[in-house]
Amino acid sequence: MKKSAMQDQEYAALADFRATLRQFLAFSEGEAKEVGLTPQQHQALLAIRAANPGEATIGFVANRLILQPHSASGLVRRLEELEMLERVPCEDDQRKTLLQLTAKAEALLESLSTVHLEELRRLKPLLIDLITRFG
């Protein structure tokens, strides 16, 4: 049997790192559900809010969430129905439609983001320790 180039501690570090990421994702999914959003809707709102001016389009959301454009379009439509965003014609390019969060979405996202940042600050020492284990 061929000896692996990977060391036991490298497997352990990878396993611990992935477990910690999954714990954070589970936390995030639970927080989104508590406010009536799916995790994907939360992620889309965050991507739109973080986008540079003139960048938030359906194609941008598809790219950031690793979705097919038709799936991103359906996600955007559902967010519109929830009154979380609106489509705005681009002033510079009439062929382009930009996505803009509503005040309702801004308030909800700020609340969610505050909780997420607190959780990341709590996890920061553990994540730093895990990353330094990779050498």
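Residues numbered from 1 in each chain as written. Predicted model: local features only at pLDDT ≥ 70, side-chain atom pairs only at ≥ 80, totals over all residues. Heavy atoms only, no water.

*Asks:* Which residues make up the layout of surface pockets, and what values do they have?
*Replies:* Within this model, the largest pocket holds a volume of roughly 400 Å³. In terms of lining residues, the largest pocket is bounded by 16 residues, among which F24, S28, H42, Q43 and L46 are the most central. The greatest single-element share of the lining of the largest pocket, amounting to six residues, is contributed by helix 2 (residues 39-50). Considering only residue class, the lining of the largest pocket consists of nine nonpolar, five polar and two charged. What the second largest pocket holds in volume is close to 220 Å³. Around the second largest pocket, the lining comprises 15 residues; the ones closest to its centre are I48, G54, A56, L99 and Q100. Listed by contribution, the elements that provide at least two residues to the lining of the second largest pocket are helix 2, strand 1 (85-89) and strand 2 (97-101). Residue contributions to the lining of the second largest pocket peak at four residues, all from strand 2. Looking at the lining of the second largest pocket residue by residue, the class counts come to nine nonpolar, three polar and three charged. (1 Å grid on protein atoms, 1.4 Å probe; cavity = no way out; pocket = protein on both sides within 12 Å on 5 of 7 lines; lining within 4 Å. Points joined across faces, edges and corners; volume = space filled by probe spheres on them. Helix = DSSP H or I, 4+ residues; strand = E, 2+ residues; numbered from the N terminus. Nonpolar A, V, L, I, M, F, W, Y, C, P; charged D, E, K, R; others polar.)

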